[in-house]
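Topology and contacts: notes
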Amino acid sequence: MDVLADVGGRPGLDCKGFCSYCYFKGVKKVPPFGCKNCMPFKKGCDYCARAIMEGYPGFKPMNDVLFEVAQRCMGSMPDKVTISGGGDLSCYPDLLPLAKMVGQGIVPISLGYTSGKGFKDKDDATKLIDAGVNEVSFTVFSTNPELRRKYMGDKHPEVALENLKAFCHSCEVYCAAVIIPGVNDGQELEKTCNDLEEMGARGLILMRFANRRDQGLILGNEPIMPGIIPHTIEEFRDLVTHTAEQHRFRVTGTPLWDPVTGAPFALSRHPDIISRLPPLRRGASIITSRVAAPLLKGIFSQMVGGEKVSVLPVEKDIGCLITIEDFSGLDLDQVMGTVIIPGRTMAHEKEIKSVLSKDGRERMIIRGPDTLTVDGEMSISMNAEEVIELEVEAFGELIEAINAMGI
């Protein structure tokens, strides 16, 4: 049993200030988007009105976190406790005593996210390791202290990097870096990778910087960094591939890709496994993102009955960030009577149905599985077999939905 210890926290306020590239920087008050958690008759719920914007009131008192952990444990000893929240864990004032309490010297602890900006001493990591921390997600951005100082607002980058080194020595550490063209790519990225390998990090997740709404900024705050043109999808995939080829540790990318597992949509490279999926007896239109569309088309083209399915991309790179505006750009002549949308689409079914029925044709809207695959943030700790198993199960669910309610 894995248990979450949610400490809360607010982006920009409980992390020593916004990083220059943070997608929560400049967020405006936006009306609820609508989502899978909303009631059928009402757009808006706690998730799409507050949680998606990390609308925590601040860090929670340690006793409240401990009480929640105790409730989740229900009297049993957990296998692992993951400490996470909306702020930077290194800024949580009671991180060390919390780790000692939830770990009790025997339960392994995972730190869900930290950039190290809140560490004050070079031995902070060592103390946490002694308390039971054995897994860490660390946003490094760069191992160049000056770049961290300038773009992350890290006032003590040397302290953060020393603590990162200590974590790497004793824990499973997966680092992450948002890649800004001309800033921390190229030779700077090469130096960062070399440093992380020397420290002993298990892997590095390269995260494509987003600066426009179609790239995923849906909170009214585009552009985050005026004048910066992010890598194209193709450029970013090539960057991930090249970086992985040059280094021994694991390198993945988000929103794509993982050179080891083939994710996302690793199935597209396994026609033998696709042939064993249930056949499609009915058809539907699948609305998806620009990243996923060509990969999905490749899978359905190899599937028995796959010609009954049309895959239609909207002008959005990431499927779970599709909003109601994205549906307006679809050619309704290509949209079939049954429409499958990503499970986590940020729009209300009633509004989607209205937009997709403007031609006078009633269409059935169905939310598909929450995920059909995984991105680099998940696959970096998975092997190829685990990714394929997840995708086979998800596509089985999708095929079942199409066969039950398709046309």
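Keep in mind that this is a model prediction, so the values were computed, not measured. Each chain has its residues counted from 1, running along the sequence as written. With pLDDT at 70 or above as the cut-off, local features in this predicted model cover only qualifying residues; side-chain atom pairs require 80 or more to be listed or tallied, and sums for whole chains, interfaces and linings still use all residues. With hydrogens and water stripped out, all remaining heavy atoms of the structure feed into the side-chain values.

With that settled, the discussion passes to the sheet that holds strand β4 (residues 133-139). Strands in a sheet are paired, the pairing made by backbone hydrogen bonds, and the direction either parallel or antiparallel. In space, the 7 strands of this open sheet follow the order β1-β2-β3-β4-β5-β6-β7, with parallel pairing throughout. In this open sheet, the two strands that pair with only one neighbour each are β1 (2-6) and β7 (250-254). Neighbouring strand axes in the sheet, compared pairwise and without regard to direction, differ in orientation by 15° on average. Pairing between two strands requires that DSSP report at least two bridges joining them. Labels follow the DSSP assignment, with helices taken as runs of H or I lasting at least four residues and strands as runs of E lasting at least two, numbered in each case from the N terminus. Relative to strand β2 (residues 80-84), β1 runs parallel, the two being bridged by 5 bridges. Its bridge partner lying in β2, L4 is registered against T82. Only the stretch in contact is used when a helix axis is fitted, and all axes are lines through C-alpha atoms; the angle between N-to-C directions ranges over 0 to 180 degrees.

What follows is about the nonpolar core. We call a set of buried residues a nonpolar core when its members are Ala, Val, Leu, Ile, Met, Phe, Trp, Tyr or Cys and they connect through side-chain atoms within 4.5 Å of each other. The rule is simple: take the accessible area with a 1.4 Å probe, protein chains only, and divide by the maximum for that residue type; under 20% is buried, over 50% is exposed, in between is partly exposed. In this structure, I83, L111, L164, F167 and L204 are the most contacted members of the largest nonpolar core, which totals 56 residues. If one sorts the elements of this core by residue count, helix α6 (residues 157-170) sits on top with 6 residues. Sequence-distant contacts of I83, defined by excluding residues within four places in its chain, comprise A5, V7, L89, L95, L98, A99, V102, I109, S110, L111 and G112. Core analysis: the second largest hydrophobic core is formed by 33 residues, C19, Y21, C35 and M53 among them. Contact criterion: two residues are considered in contact whenever any of their non-hydrogen atoms come within 4.5 Å of each other.

Quick look at the pattern of salt bridges now. Salt bridges are defined as contacts in which a side-chain nitrogen from Lys or Arg sits within 4 Å of a carboxyl oxygen from Asp or Glu. Enumeration over the complete set of coordinates arrives at 25 salt bridges. Across the pair K60 and D6 runs a salt bridge, and its minimum N-O distance is 3.9 Å. Here K60 is found in the loop between α1 (46-49) and α2 (62-73), whereas its partner D6 is found in strand β1, with 54 residues between them in sequence. Residue E307 is joined to K308 by a salt bridge in which the shortest nitrogen-to-oxygen separation is 3.7 Å. We classify K308 as partly exposed; its relative accessible area is 32%. A single salt-bridge network, built from bridges that share partners, covers R208, R212, D214, R290, E315 and D317.

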